[in-house]
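# Coordinate analysis (summary)
Below, each chain spelled out in residue letters.
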Amino acid sequence: MLGPVILAASRSDRMRRLISAAPVTKQVVDRFIPGETVDDIVPIIKDLTGRGLELTMDVVGEDITTPEQAAAARDAYLALTSRLEELQLGERVEMSVKLSMFGQALDGGHELALANVRPVVEAAAAIGTTVTLDAEDHTTLDSMFAIHEELRKDFPQTGCVIQAYLFRTEADARRLAAAGSRVRLVKGAYKEPAEVAYQQKHEIDKAYVRVLRTLMEGEGYPMIGSHDPRLISIAQELARQAGRKLDEYEFQMLYGIRSDEHLRLAAEGHRMRVYTAYGTDWYGYFMRRLAEKPANLRFFLRSMITRG
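### Brief notes about the confidence of the model for the protein
Averaged over all residues, the pLDDT of the protein equals 89, while 81% of them reach at least 70. Of the regions scoring below 50 in pLDDT, residues 303-308 engages in seven contacts with residues more than four places distant in sequence or in other chains.

### Focus on the side chain of Thr132
Relative to the helices and strands, Thr132 is located in strand 3 (residues 131-133). Here the side chain of Thr132 touches Glu94 through a polar contact of 3.1 Å, side chain to side chain. The contacts of Thr132, once residues within four sequence positions are left out, are Glu94, Met95, Ser96, Val97, Gly159, Cys160, Val161, Arg182, Arg184 and Met223.

### Things to note about the pairing of strand 2 (residues 93-97)
For strand 2, the tally of buried residues reaches five of five residues, placing the bulk of the element in the interior. Alternating positions in strand 2 separate into two faces, Val93, Met95 and Val97 on one and Glu94 and Ser96 on the other, with burial throughout. With three bridges joining them, strand 1 (residues 54-59) and strand 2 adopt parallel strand pairing. In the strand pairing of strand 2, Thr56 is matched with Glu94. With three bridges connecting them, strand 2 and strand 3 associate as parallel partners. Residue pairing across strands places Val97 opposite Leu133, the latter belonging to strand 3. Chirality of the crossover, the property in question, places the unit of strand 2, helix 6 (residues 109-126) and strand 3 among those that are right-handed.

### Regarding the pattern of salt bridges
Summed over all chains, the structure comprises 27 salt bridges. Asp58 is the salt-bridge partner of Lys98, the closest N and O atoms lying 3.5 Å from each other. Taken together, the residues Lys98 in the loop between strand 2 and helix 6 and Asp58 in strand 1 connect sequence positions 40 residues apart. By relative accessible area, Lys98 is classed as buried at 8%. Since its relative accessible area comes to 3%, Asp58 is described here as buried. A salt bridge links Glu170 to Arg210; the nearest nitrogen and oxygen atoms lie 3.0 Å apart. Residue Glu170 is found in helix 8 (residues 169-176), and its partner Arg210 is found in helix 9 (residues 201-217); the two are separated by 40 residues along the sequence.

### Points about the packing of aromatic side chains
Taken as a whole and assessed by the stated rule, the structure comprises three aromatic pairs. Ring centres 4.8 Å apart and planes at 80° place the aromatic pair Phe167 and Tyr198 in the edge-to-face group. With Phe167 in the loop between strand 4 (159-163) and helix 8 and Tyr198 in the loop between strand 5 (182-186) and helix 9, this pair connects stretches of sequence that are 31 residues apart. Looking at Phe167, the relative accessible area reads 39%, which means it is partly exposed. Aromatic pair Tyr249 and Phe251: ring centres 5.9 Å apart, planes at 80°, arrangement edge-to-face. One cation-aromatic arrangement involves Arg175 over Phe145; the distance from NZ or CZ to the ring centre is 4.9 Å.

### Examining the packing of helix 6 against helix 7 (residues 141-154)
For any two helices packed against each other, one specifies the inter-axial angle together with the distance between the axes. The N-to-C vectors of helix 6 and helix 7 enclose an angle of 40°; their axes lie 11 Å apart at closest approach. Comparing the axis directions of helix 6 and helix 7 gives the class oblique. In this structure, the crossing between helix 6 and helix 7 has a hand that is right-handed. Residue-level contacts link His110, Ala113, Leu114, Val117, Arg118 and Val121 of helix 6 to Ser143, Ala146, Ile147, Glu150, Leu151 and Asp154 of helix 7. Taken together, the residues of the contact of helix 6 with helix 7 break down into seven nonpolar, two polar and three charged.

### Examining the sheet that holds strand 7 (residues 250-254)
Spatial ordering of the closed barrel is given by 1-2-3-4-5-6-7-8, a layout of eight strands whose pairing is parallel. This sheet shows a mean twist of 30° between the axes of neighbouring strands, independent of strand direction. In the sheet, strand 5 pairs with strand 6 (residues 221-225) via four bridges, with the strands oriented parallel. Across the sheet, residue Arg182 finds its bridge partner in strand 6, namely Tyr221. Packing of helix 6 onto the sheet brings it into contact with strand 2 and strand 3, and relative to strand 3 it is tilted by some 145°. Packed onto the sheet, helix 7 meets strand 3 and strand 4 and runs at close to 155° relative to strand 4.

Criteria and cut-off values
- Residues numbered from 1 in each chain as written.
- Predicted model: local features only at pLDDT ≥ 70, side-chain atom pairs only at ≥ 80, totals over all residues.
- Heavy atoms only, no water.
- pLDDT = per-residue confidence, 0-100.
- Contact = heavy atoms within 4.5 Å.
- Helix = DSSP H or I, 4+ residues; strand = E, 2+ residues; numbered from the N terminus.
- Polar contact = N/O pair within 3.5 Å; in protein donor to acceptor, adjacent residues only side chain to side chain.
- Buried < 20%, exposed > 50% of the residue type's maximum accessible area, 1.4 Å probe, protein only.
- Pairing = 2+ DSSP bridges.
- Right-handed = clockwise from strand over helix to strand, strands pointing away.
- Salt bridge = Lys/Arg side-chain N within 4 Å of Asp/Glu carboxyl O.
- Phe/Tyr/Trp six-rings, centres within 6.5 Å; stacked < 30°, edge-to-face > 60°.
- Lys NZ or Arg CZ within 6 Å of the ring centre and 35° of its normal.
- Axes fitted to C-alpha atoms, helices over the stretch in contact; angles between N-to-C directions.
- Parallel < 35°, antiparallel > 145°, perpendicular 65-115°, else oblique.
- Left-handed = near helix turned anticlockwise from the far one by under 90°.
- Nonpolar A, V, L, I, M, F, W, Y, C, P; charged D, E, K, R; others polar.

Put into structure tokens, the structure is as follows:
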């Protein structure tokens, strides 16, 4: 019930100011976003890869209002790529980008986002890794998929994200489940109207399984973005039915959520990638993490009460 309210608050400047000013906020945000700079995050990368995990890195920030901010976002990812090159981890550490951060919502935003993201994809390929285009609200997806298709002409390993709660996703999955594709499936974390998205958890879960079956039975590389134990078990069974080896799909979970499960899956031989965000513009990302799971919100409120 609170999820839509929290998602609405993620777009509120007033709520941003209130939550940012709360003394406890940084303590709780650190659970999900373990640093603000590249220097902060390098020890995290070394620690997690040393434990047999893989990562996808996200420089947080979405509400871009000028072309200069979009260029700065591009440069932040290029700086990250330079540090990853020093670590020589190859595809064990990839990057995730939101095209809104590259100027997608500005005038001429489609072309601007493509122009800004291409150097990042080129730099990633040069060090042996890749980029996944994150999905945002439904109004941005046609542009995202078009940019994804364009990038794959030169960099076929470029991945994309689809969201189970959208009605369109089953058709998108059938189109994307082709040889060489890399597709991350998530439930969805934006406030979407009933005209375009399932609203009830049981409907979203059933859609997730239908889409995952399509991806597993296809020729691409599925990336299962979920913390749900039941969906993780179903994914393993669907992979078995499809005859997939352990290196022909992977699990992805967020930094700070079910960390023991990350290690358990990796110990069983699964590819387990941790979605790890860093940066100063953390508010929208943080609020969606609260909205996704009641336990996250309880953790935040309990921390505020304890500190109070």
